[in-house]
Amino acid sequence: MNEPLLPTVLIVDDERDMLNLLAKVLVKKGSCRVVTAPAAEEALERIHSELFDAVLTDIKMPGMDGLEFLRQMTVIDPTLTTVLMTGYGTIEMAVQGLKDGAYDFIEKPFDNERILRTVRRAIERTRLLRENVQLQQRLSDPHQMHGFIGHSRRLVQTMEMLRRLARSSATVLIRGESGTGKELAAKALHALSPRADRSMITVNCPALPEQILESELFGHRRGAFTGADRDRTGLFVEAEGSTLLLDEIADIPVGVQTKLLRVLQEKEVQPLGQNKTFSVDVRVIASTNQDLEAKIRRGEFREDLWYRLNVMTVTMPPLAAMVADIPLLAQHFLERFSKEYGRENLEFSPDALQSLMQRSWQGNVRELQNVVNRAVLLCPGNLIDEADLGDDPDAGNPHELQRDRHQESSPLPGSQLSYREAKNALLHQFNASYLTEALRTADGNVTLAARTCGMERQALQRLLRRYNIESRGLH
């Protein structure tokens, strides 16, 4: 196992003896890696090329003083926490440094314990600031949010729910049809959570027989059953401090459901063949595409387990509820498979996009992905037409087609136009629909909509004027 990296502290002082003394204290008693610089100019060069967890700097130095160093360093890395060292007559400068962004100051001569406490707090502050920046970066892409692509109201609402739930440790039940991205949602919940530094563990519940599933989840001791020739640590223990996804939990046998209920209630597991229990800190996420309530009525699923799992429910929207996102999804899959197969000049015809938006998509996003994959492989030219997409398996069932039509869908330009005219008309229609939905999601707030779309406010306003879209009334 790799040893954890020690936090790195940069010490800046023009007095060599002071540098050596502080370095010795922080290395020996603070468990830190220390880099020293005798001048602010050299320290800035270091910050440009290396990542530090805290800076300890004198204020009065020849050349660039500590306050100017602080200001320039903050521009380079605003998450880097600085502690100022002050001598006689520099208290007022230290106060000014606090106003300019310094975290704290300590006075010479130093108390070693005070230095250690202050530097430890500074390192922790840097860590928290950087974690917050990383979280914001994860959330900054409106079209590709942890693998989700689109801008429809249902998808945006679902992602907002995932963001809100991610910071807690509450059990979450993810429901939805096959192919709607339930596992992707679980990964997003984990990636946005405080447990993201550890890998999420996924269990495919239907793939394992009852005894093997029970052993996988809770572990066993040697001799617990035939073939148990050694001890085994269960996945709940392996997932300590992380997230455990129980995929398709509706298929767990009733006998295993009883032990799972105990884990959720007591936060402890009992391996097979052992009386001792072990406390665990695991966030449980469960997913299913089945009707759990119907299984409860048939006696196939414990009602008390359902209540434990159903603390918070996220229902993944079907593709039929996100028709406006189909062009974005299709283009994403086209670019992905075109690059994979070395066919990077492919594009959809207007008729092909029209066909994609009018299909019923019983297999949801996974089915769309498969259709585009097949089209990229088999299309004879550079233009994917409707014929290259294969037949719609539900095209002959008018009831299915009617059920899956959604108010976000709309007719596309017909083949009576030239290719260029049809393409321009399609782009005009998509842009108008996309911008309108972005404004509606932001309740008519142009600034918020621009941020969600990943563009400047002025750029969004220009597009709104071009497509004659008014922000008033879109609530």
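Residues numbered from 1 in each chain as written. Predicted model: local features only at pLDDT ≥ 70, side-chain atom pairs only at ≥ 80, totals over all residues. Heavy atoms only, no water.

Caption draft 1: Structural view of the nonpolar core. By size, the foremost hydrophobic cluster in this structure holds 45 residues, and its most contacted members are F348, L356 and I384. Of all the elements in the fold, those that place two or more residues in this core are β7 (148–149), α6 (153–166), β8 (172–175), α7 (182–191), α13 (326–341), α14 (350–358) and α15 (364–378). Excluding anything up to four places from it in sequence, L356 contacts I326, A330, F348, W361, L368, V371 and L389. (Core = buried A, V, L, I, M, F, W, Y, C linked by side-chain atoms within 4.5 Å. Buried < 20%, exposed > 50% of the residue type's maximum accessible area, 1.4 Å probe, protein only. Helix = DSSP H or I, 4+ residues; strand = E, 2+ residues; numbered from the N terminus. Contact = heavy atoms within 4.5 Å.)

Caption draft 2: Structural context of the side chain of T288. Relative to the assigned elements, T288 resides in strand β15 (residues 283–288). In this structure T288 comes out as buried when scored by relative accessible area, which is 0%. Within polar-contact distance, the side chain of T288 engages the backbone nitrogen of Q290 at 3.0 Å. Setting aside its immediate chain neighbours within four residues, T288 contacts L173, I174, R175, G176, K182, E248, I249 and A250. (Polar contact = N/O pair within 3.5 Å; in protein donor to acceptor, adjacent residues only side chain to side chain.)

Caption draft 3: Local environment of the sheet that holds strand β2 (residues 33–37). The parallel open sheet is built from five strands, whose spatial order is β2-β1-β3-β4-β5. For this open sheet the edge positions go to β2 and β5 (104–107), each flanked by a neighbour on one side alone. On average, each strand axis in the sheet is inclined to that of its neighbour by 20°, with strand direction left out of account. Across four bridges, strand β1 (residues 8–12) lies against strand β3 (residues 54–58) in parallel orientation. Pairing of V9 across the sheet is with A54, part of β3. The sheet contacts of helix α3 (residues 66–76) involve β1, β3 and β4 (82–86), and relative to β3 the element is tilted by about 155°. (Pairing = 2+ DSSP bridges. Axes fitted to C-alpha atoms, helices over the stretch in contact; angles between N-to-C directions.)

Caption draft 4: Looking closely at the packing of aromatic side chains. Inspection of every chain in the model, using the stated rule, returns four aromatic pairs. The interplanar angle of 10° and the centroid separation of 6.1 Å between the aromatic rings of F337 and Y341 together place this pair among those described as stacked. Placement of the pair is F337 and Y341 together in helix α13, with a separation of four residues, close to one helical turn. Taking the relative accessible area as the measure of exposure, Y341 reaches 30% and is therefore partly exposed. Clustering of aromatic rings is evident, with ring pairs tying together F333, F337 and Y341. (Phe/Tyr/Trp six-rings, centres within 6.5 Å; stacked < 30°, edge-to-face > 60°.)

Caption draft 5: Just the pairing of β1, in detail. With five of its five residues buried, β1 lies for the most part within the structure. Burial of the side chains of β1 extends over both faces: T8, L10 and V12 are buried on one face and V9 and I11 on the other. Bridging between β1 and β2 involves five bridges; their strand directions are parallel. Counted as the bridge partner of V9 is V34 from β2. Of the crossover connections in this fold, the one passing from β1 over helix α1 (residues 16–28) to the parallel β2 is right-handed. (Right-handed = clockwise from strand over helix to strand, strands pointing away.)

Caption draft 6: Seen up close, the packing of helix α8 (residues 210–218) against helix α10 (residues 254–266). Two numbers describe how α8 lies on α10: the axes approach to 10 Å, and their chain directions differ by 15°. The angle between the axes of α8 and α10 places the two elements in the roughly parallel class. As α8 packs across α10, the resulting crossing turns out to be left-handed. The segment α8 lies against α10, with E210, L213, E214, L217 and F218 engaging G255, V256, K259, L260 and V263. (Parallel < 35°, antiparallel > 145°, perpendicular 65-115°, else oblique. Left-handed = near helix turned anticlockwise from the far one by under 90°.)

Caption draft 7: Region of the structure containing the pattern of salt bridges. Under the criterion given, the structure shown has 21 salt bridges. Among the ionic pairs, R164 bridges to E160, the shortest N-O distance being 3.1 Å. Of this pair, R164 and E160 both sit in helix α6, four residues apart, which is roughly one turn of that helix. Overall, the relative accessible area of 63% leaves R164 in the exposed class. (Salt bridge = Lys/Arg side-chain N within 4 Å of Asp/Glu carboxyl O.)

Caption draft 8: Expanded view of the sheet that holds strand β16 (residues 312–315). Overall, parallel pairing links the five strands, which are arranged β9-β12-β15-β8-β16 in an open sheet. Edge positions in the open sheet fall to β9 (201–204) and β16, since each of these has one partner strand only. Geometrically, the sheet is characterised by an average inter-axis angle of 20° between neighbouring strands, direction not taken into account. Packed on one face of the sheet, α7 meets β8, β9, β12 (243–247) and β15 and runs near 150° to β8.

Caption draft 9: Seen up close, a nonpolar patch on the surface. Where nonpolar side chains cluster on the molecular surface, the patch consists of M161, V311 and M312 and spans about 220 Å² of accessible area. Checked against the element boundaries, M312 lands in strand β16. Taking relative accessible area as the criterion, M312 reaches 30% and is therefore assigned partly exposed. (Patch = residues over 30% accessible without salt bridge, like charges linked within 9 Å, V, L, I, M, F, W, Y side chains within 5 Å. Areas by Shrake-Rupley, 256 points an atom, 1.4 Å probe, with all protein chains shown as cover.)

Caption draft 10: Region of interest: the packing of α6 against α7. For the pair α6 and α7, interaxial distance at closest approach is 8 Å and the crossing angle is 40°. As summarised for this structure, α6 and α7 are arranged oblique, according to the angle between their axes. Crossing geometry of α6 relative to α7 is assigned as right-handed. Residues L162, L165 and A166 of α6 form the contact with α7, whose participating residues are A185, A188 and L189. Here the contact of α6 with α7 is composed, by residue class, of six nonpolar, no polar and no charged. (Nonpolar A, V, L, I, M, F, W, Y, C, P; charged D, E, K, R; others polar.)

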